[in-house]
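# Breakdown of the fold
The chain contents come next:
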Amino acid sequence: MSDAIPTVAPTEHRAFRSETEPCRWDGIDVLKYKETGTHFKDITRQVLFEPGDDISTQLRYFEIAPGGHSTFERHQHVHEVMIIRGTGQVLVGEELRTVQQHELIRIEPMTWHQFQASLGAPLGFLCLVNCERDRPQRPDEKQIAELQAHPVIGDFMKL
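Residues numbered from 1 in each chain as written. Predicted model: local features only at pLDDT ≥ 70, side-chain atom pairs only at ≥ 80, totals over all residues. Heavy atoms only, no water.

### Some words on the overall build of the protein chain
Cut-off, in case you're wondering: By the criteria applied, helices consist of DSSP H or I runs no shorter than four residues and strands consist of E runs no shorter than two, each listed in order from the N terminus. The size measure is the radius of gyration over C-alpha atoms, and the globule rule it meets is 2.2 Å times the number of residues to the 0.38 power. With a 1.4 Å probe rolled over the protein chains alone, any residue whose accessible area is under 20% of its type maximum counts as buried; one over 50% counts as exposed, and the rest are partly exposed. Contacts: residue pairs with any heavy atoms within 4.5 Å of one another. Every accessible area reported is derived by Shrake-Rupley at a probe size of 1.4 Å, with residue values counting cover from the shown protein chains alone. All tallies of charge rest on Lys and Arg as positive and Asp and Glu as negative; His and the ends of each chain are not included. Charge coordinates come from a single atom per side chain, which is NZ of Lys, CZ of Arg, CG of Asp or CD of Glu.
Looking only at helices and strands, the protein chain has 2 helices and 13 strands in total. Against the compact-globule benchmark of 15 Å for 159 residues, the protein chain has a radius of gyration of 16 Å, which places it among compact chains. When its C-alpha atoms are laid out on the principal axes, the protein chain stretches across 50 × 40 × 25 Å. When the 159 residues of the protein chain are sorted by exposure, 39% land in the buried category. A fraction of 65% describes how many contacts in the protein chain between residues 6 or more apart in sequence connect residues 24 or more apart. Of the roughly 9,300 Å² of accessible surface on the protein chain, a fraction of 50% belongs to carbon and sulfur atoms. Treating the 17 positive side-chain charges of the protein chain as one cloud and the 24 negative ones as another, the clouds have centres 3 Å apart.

Below, the structure is given as structure tokens:
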């Protein structure tokens with residue numbers, strides 16, 4: 001896969017990391033969601049567990065500020081998500097759901113999806129992915145027109 005996201009070298013291995021404030025952990029940097037773009041709003045990520053000799057997945061924590069949203073996208077890899085903070089709405093394919101703490105979401109390959117936080121509180125979620133994965137795809141102009149005509153997707157998606 002030439003468009004694969006490069007594997008990140010393992011960071012310092014520690015058995016325990018304490019929470020230092022709500023959804024922030026000792027020694028875990030709060031990073032930009034993505035380096036550039038205007039197709040997302042008010043979202044950060046933390047890489048909680050990196051790949052190692054015996055693990056090929058990455059556990060990440062994303063936090064969307066009130067009123068913010070992730071990118072409307074799809075890709076060939078699976079996401080497995082657990083909401084751990086706040087409430088919001090999640091679009092997976094043609095299904096739109098209001099989500100809250102402890103809900104689980106599985107996003108199958110090549111399924112359009114987007115997370116949006118409610119106005120009152122951040123939406124925080126854990127996301128488990130394979131370390132070797134493809135880059136997300138955003139809709140092209142033709143796909144945008146088709147998606148905007150859909151009664152559920154068109155009213156929800158933010159580009």
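### Looking at the pattern of salt bridges
Close approach of charged atoms allows side chains with opposite charge to pair. Selection rule: Between Lys or Arg on one side and Asp or Glu on the other, a salt bridge is scored when a side-chain nitrogen of the former is within 4 Å of a carboxyl oxygen of the latter.
In the structure shown here, the tally under the stated rule is 7 salt bridges. In this structure, Glu 95 and Arg 97 form a salt bridge, with 3.8 Å as the shortest nitrogen-oxygen distance. Look at Glu 95 and you get partly exposed, because its relative accessible area is 46%. By relative accessible area, which is 43% here, Arg 97 ends up partly exposed. Within this structure, Arg 24, Glu 63 and Arg 85 form a network of salt bridges that share partners.

### What to know about unusual backbone geometry
Among all residues save glycine, negative phi is the norm, and among peptide bonds the norm is trans. Its identity as a non-glycine residue notwithstanding, Cys 23 has a phi of 60°, on the positive side. Here Cys 23 lies in the loop between strand E2 (19-21) and strand E3 (24-25).

### Describing the nonpolar core
Spelled out, the test is: To form a nonpolar core, buried Ala, Val, Leu, Ile, Met, Phe, Trp, Tyr and Cys residues must be joined to one another through side-chain atoms within 4.5 Å.
Core analysis: the biggest nonpolar cluster contains 17 residues, and Ile 64, Val 81, Ile 83, Ile 105, Phe 115, Leu 123 and Phe 125 have the highest contact counts within it. With 4 residues, the top contributor of residues to this core is strand E12 (residues 123-130). Sequence-distant contacts of Ile 64, that is, excluding residues within four places in its chain, are made with Lys 41, Asp 42, Ile 43, His 69, Ser 70, Phe 115, Ala 117, Pro 122, Leu 123 and Phe 125. Phe 72, Leu 91, Trp 112 and Ile 153 belong to the second-largest nonpolar core, a separate cluster that totals 7 residues.

### Details of the side chain of Gln 114
With respect to the helices and strands, the residue Gln 114 is situated in strand E11 (residues 113-117). The exposure class assigned to Gln 114 is buried, which follows from its relative accessible area of 0%. Setting aside anything within four residues of it in sequence, one finds Gln 114 in contact with His 69, Ser 70, Thr 71, Phe 72, Gln 89, Val 90, Leu 91, Phe 156, Met 157 and Lys 158.

### So, the packing of aromatic side chains
For clarity, the threshold we go by: Two rings from Phe, Tyr or Trp (for Trp, the six-membered ring) form a pair when their centres sit within 6.5 Å of each other. Planes less than 30 degrees apart are called stacked, planes more than 60 degrees apart edge-to-face, and all others tilted.
Evaluated as defined, the whole model comprises 6 aromatic pairs. Ring geometry for Phe 72 versus Trp 112: centroids 5.2 Å apart, planes at 10°, classification stacked. Of the two residues, Phe 72 is situated in the loop between strand E6 (57-69) and strand E7 (79-85) and Trp 112 in the loop between strand E10 (104-107) and E11; the sequence distance between them amounts to 40 residues. Judged by its relative accessible area of 1%, Phe 72 falls in the buried class. Taken together through their ring pairs, the aromatic side chains of Tyr 33, Phe 40, Phe 62, Phe 115 and Phe 125 make up a single cluster.

### Here we look at the confidence of the model for the protein chain
The test is simple: On a scale of 0 to 100, pLDDT captures the predictor's confidence in every residue.
Mean pLDDT for the protein chain: 89, with 91% of residues reaching 70 or above. Overall, residues 6-11 carries pLDDT values under 50, and its contacts beyond four positions in sequence, including any with other chains, amount to 11 contacts.

### Considerations on the environment of Ile 84
Relative to the helices and strands, Ile 84 is located in strand E7. Taking C-alpha positions, Ile 84 is 7.9 Å from Leu 123, a pair spaced 39 residues apart along the chain. When residues no more than four places from it in sequence are discounted, the contact partners of Ile 84 are Cys 23, Tyr 61, Gln 101, Gly 124, Phe 125 and Leu 126.

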